[in-house]
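Tertiary structure, described
Chain residues, written in single-letter form:
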Amino acid sequence: MAATIVADPIPQLLRQAFGFSSFRGSQEKVIRRLLGGGHALVVMPTGQGKSLCYQLPALALDGLTVVISPLIALMKDQTDALRARGMDAATLNSSQSAKVRAQGLEAIRQGKHRLLFVSPERFRKAAFTAALAERKVSLLAVDEAHCISEWGHDFRPDYTRLAEFRRMMGNPLTLALTATATPEVQADIRLQLGLDESSMPLFHDGVERPNLRLSVEPVHEADEKEARLAELLRGEKRSAIVYFALIRSLEDMSLRLERAGLRHMVYHGRLPREERRRVQERFMADPQARVLATNAFGLGVDKASIGLIAHAEVPGSLEAYAQEIGRAGRDGREARCVLLYDQQDLLIQMEFAEWANPSPGYLERLLTLLRDHPQMARDGGLDWLRQELVFNGRFDFRLETALGLLERHGVVEGDLERGDLRVVQERLPHILENEESAQLKKKRDLGRLHDLVRYTASSDCRHVFLHRFFGAAPGKACGSCDVCVGA
Ligand code: ADP
Ligand code: MG
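Residues numbered from 1 in each chain as written. Chains lettered and ligands numbered in written order. Predicted model: local features only at pLDDT ≥ 70, side-chain atom pairs only at ≥ 80, totals over all residues. Heavy atoms only, no water.

It is worth spelling out unusual backbone geometry at this point. Residues other than glycine seldom take positive phi values, yet His113 does so here, at roughly 75°. Mapping His113 onto the fold places it in the loop between helix 5 (98-109) and strand 4 (115-118). Exposure remark for His113: the relative accessible area of 14% places this residue in the buried category. The phi torsion at Glu144 lies on the positive side, around 50°, for a residue other than glycine. Examined against the element boundaries, Glu144 turns out to sit in the loop between strand 5 (137-142) and helix 7 (162-168). (Helix = DSSP H or I, 4+ residues; strand = E, 2+ residues; numbered from the N terminus. Buried < 20%, exposed > 50% of the residue type's maximum accessible area, 1.4 Å probe, protein only.)

Attention now moves to the pattern of salt bridges. Inspection of every chain in the model, using the stated rule, returns 32 salt bridges. A salt bridge links Asp252 to Arg256, with the nearest nitrogen and oxygen atoms 3.4 Å apart. Of this pair, Asp252 and Arg256 are both found in helix 10 (residues 247-259), 4 residues apart, which corresponds to roughly one turn of the helix. When its relative accessible area of 36% is taken as the criterion, Asp252 is described as partly exposed. Overall, the relative accessible area of 16% leaves Arg256 in the buried class. For Arg277, the salt bridge goes to Glu274, with nearest N and O atoms at 3.0 Å. Taken as a pair, Arg277 and Glu274 lie in helix 11 (residues 273-285) at a separation of 3 residues, close to a single helical turn. (Salt bridge = Lys/Arg side-chain N within 4 Å of Asp/Glu carboxyl O.)

What follows covers the pairing of strand 13 (residues 335-341). Burial runs high along strand 13: 6 of the 7 residues are buried. Examined bridge by bridge, strand 8 (residues 212-218) and strand 13 share 7 bridges and lie parallel to one another. Across the sheet, residue Leu212 finds its bridge partner in strand 13, namely Ala335. Here 4 bridges tie strand 12 (residues 306-311) to strand 13, and the two strands are oriented parallel to one another. (Pairing = 2+ DSSP bridges.)

So, on to the sheet that holds strand 11 (residues 290-293). In space, the 6 strands of this open sheet follow the order 8-13-12-9-11-10, with parallel pairing throughout. A single partner strand is all that each edge strand has here, and the edge strands are strand 8 and strand 10 (265-267). Looking at each pair of strands side by side, their axes are set apart by 15° on average, direction ignored. Pairing of strand 10 with strand 11 involves 3 bridges; the strand directions are parallel. Note that in strand 11 the partner of Val266 across the bridge is Leu292. (Axes fitted to C-alpha atoms, helices over the stretch in contact; angles between N-to-C directions.)

With that settled, consider the nonpolar core. Ranked by internal contacts, the top residues of the largest apolar core, which has 39 residues, are Leu214, Ile241, Phe283, Val291, Phe297, Leu318 and Tyr455. One finds Leu41, Leu64, Ala131 and Leu195 within the second-largest nonpolar core, a separate group that totals 31 residues. (Core = buried A, V, L, I, M, F, W, Y, C linked by side-chain atoms within 4.5 Å.)

Turning to the domain arrangement of the protein chain, a few remarks are in order. Split by domain assignment, the protein chain resolves into domain 1 (9-204), domain 2 (212-342) and domain 3 (352-433). Taking only C-alpha atoms into account, the centre of domain 1 sits 31 Å from that of domain 2. Contacts between the two partners involve 11 residues from domain 1, matched on the other side by 9 residues from domain 2. When domain 1 packs against domain 2, close to 750 Å² is buried across both sides, 61% of that on carbon and sulfur atoms. Summed over the shared surface of domain 1 and domain 2, the number is 0 salt bridges. Connecting domain 1 to domain 2 are 1 residue pair in polar contact (both at pLDDT 80 or more). (Domains from an automatic or database assignment. Contact = heavy atoms within 4.5 Å. Buried area = accessible area lost by both parts, 1.4 Å probe. Polar contact = N/O pair within 3.5 Å; in protein donor to acceptor, adjacent residues only side chain to side chain.)

In this section: the packing of aromatic side chains. This model, assessed by the stated rule, comprises 10 aromatic pairs. Ring geometry for Tyr54 and Phe117: centres 6.3 Å apart, planes at 70°, overall edge-to-face. Separated by 63 residues along the polypeptide, Tyr54 in helix 3 (residues 52-60) and Phe117 in strand 4 bring together distant segments of the chain. Across the pair, exposure class does not vary: Tyr54 and Phe117 are buried alike. A centroid spacing of 5.5 Å and a plane angle of 70° characterise the contact between Tyr455 and Phe465, whose relative ring orientation is edge-to-face. Separated by 10 residues along the polypeptide, Tyr455 in helix 18 (residues 435-457) and Phe465 in helix 19 (residues 462-469) bring together distant segments of the chain. Look at Tyr455 and you get buried, because its relative accessible area is 1%. (Phe/Tyr/Trp six-rings, centres within 6.5 Å; stacked < 30°, edge-to-face > 60°.)

Glancing now at the pairing of strand 5. Successive residues of a regular strand alternate their side chains across the two faces of the sheet. Taking burial as the measure, the 6 residues of strand 5 include 6 buried ones, the bulk of the element. Pairing analysis gives 5 bridges linking strand 2 (residues 64-68) to strand 5, with the strands arranged parallel. Looking across to strand 5, one finds that Val67 is bridged to Ala141. Note: strand 5 against strand 6 (residues 173-178), 4 bridges, orientation parallel. Considered in strand 6, the bridge of Leu139 is made with Leu173.

Okay, a nonpolar patch on the surface next. Taken together, the side chains of Leu347, Met350 and Leu446 present a nonpolar region at the surface, about 260 Å² in accessible area. Along the chain, Leu446 turns up in helix 18. We classify Leu446 as partly exposed; its relative accessible area is 34%. (Patch = residues over 30% accessible without salt bridge, like charges linked within 9 Å, V, L, I, M, F, W, Y side chains within 5 Å. Areas by Shrake-Rupley, 256 points an atom, 1.4 Å probe, with all protein chains shown as cover.)

This paragraph deals with the environment of Arg408. The residue Arg408 is located in helix 16 (residues 398-408) in this model. When its relative accessible area of 30% is taken as the criterion, Arg408 is described as partly exposed. Put simply, Arg408 and Phe155 are 253 residues apart on the chain and 9.3 Å apart in space, counted from C-alpha to C-alpha.

Any two packed helices are characterised by how steeply their axes cross, that is the angle between the axes, and by the distance between the axes. One can describe the packing of helix 14 (residues 360-372) onto helix 15 (residues 374-389) by two numbers: an axis separation of 9 Å at closest approach and a directional angle of 155°. With respect to their mutual orientation, helix 14 and helix 15 come out roughly antiparallel. Crossing hand, helix 14 versus helix 15: right-handed. Contacts between helix 14 and helix 15 involve Tyr362, Arg365, Leu366, Leu369, Leu370, Arg371 and Asp372 from the first element and Pro374, Ala377, Trp384, Leu385, Glu388 and Leu389 from the second. (Parallel < 35°, antiparallel > 145°, perpendicular 65-115°, else oblique. Left-handed = near helix turned anticlockwise from the far one by under 90°.)

Right, dumping it as structure tokens:
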């Protein structure tokens, strides 16, 4: 009897639809698991190729693949890139006009599209869930899945309703993806989705690429920092990012470096939108671009040849640190990641923990201002609000984080800068009203900072430490970090 040889469609799809010759890391295992009907949780470094884990199955499955992502700004780029490769992808989001959205809904109802990118907020809209109900959802992909967990560093309240959304779609096959989840967050992701370890196994490729040369260097005060940064920047032939926690210290260092004749750009949240866009574009285009930035610089920075990521001030958590260094060395070449550690700077992060968790009383006063004086808020913007809310005459960022919190929790919609911010819920949700949960969150933020301090002080290989921290098999010492080489 002649054996029938059935060609394996997976490598063929990889080549034909994506033009890749081989899989990276766990990609193939994840894809085979999904196509065999099993859920999966994937932890993979940024830039390694998490998207392929749902894009390829989306082509092989017969229904719709719904991708949930918090990054509205990137959805259009993602769908455009897929369309350019001939895939039928679409997005529905709040940055589109009502007309475009209505057409999008109609297309979904009519059975068009294989891949649909939406933010979790979309599920608040009845018209969307109604349109989706008419489709068979074959795969639900939850990107940036760590946002689901209150224990994670970037919690998004809308993500906690994912189990409910999943049920709405008939509990489809589910893939959760993230670059940074501790074991605690991994467990929470499964729990929030109504799955467990046996139904949703973990595929862990580590959180940072092995080609990153990690080091922590103690420094004291701005002069020492300046000298070291200048040396690092001069020695770097490819692009570089220097991260700061405070805009104030970023600007100060920018002046110093300028005086030292080191050309660079700056990027932070207080620059006008247009300027930020320009800086980002120039950064992407210039092979030797240098930028001093706050963590506002990052989303969508997908540049292959970043050779240096320095932290001039400590970040607030190892999760944030892993995300930020994950932007270096995507070309596979060795890249340096230097954390300049000044113990003084821990105070900044401790203050951030304070600011990031405004008390219910503060939120209540902000909501009252927005509700009772919408016109004043629109005309006066942040300055007016800050003036009204001033605490002991101290300038702080509580207002920005408080506005962000109200938005994330669906209390306000729109944008203050654009002049269309409105109150859509008259009261604070329970979780924000509760003094105890604000305290608990602050404690957790400080705990994350403590983990970062443990990292700086550890005598273990940096990679081994990070692997263990994020629940991957620790593996061998890297042989190239400052601890390994005994620097
Ligand atoms: P992540 O979401 O993990 O940060 P992406 O999915 O955006 O990463 O992929 C990063 C880059 O890697 C993309 O340019 C993608 O086309 C590329 N890529 C993904 N998988 C492969 C592969 N198997 N071979 C070559 N390139 C790949
Ligand atoms: Mg991604």
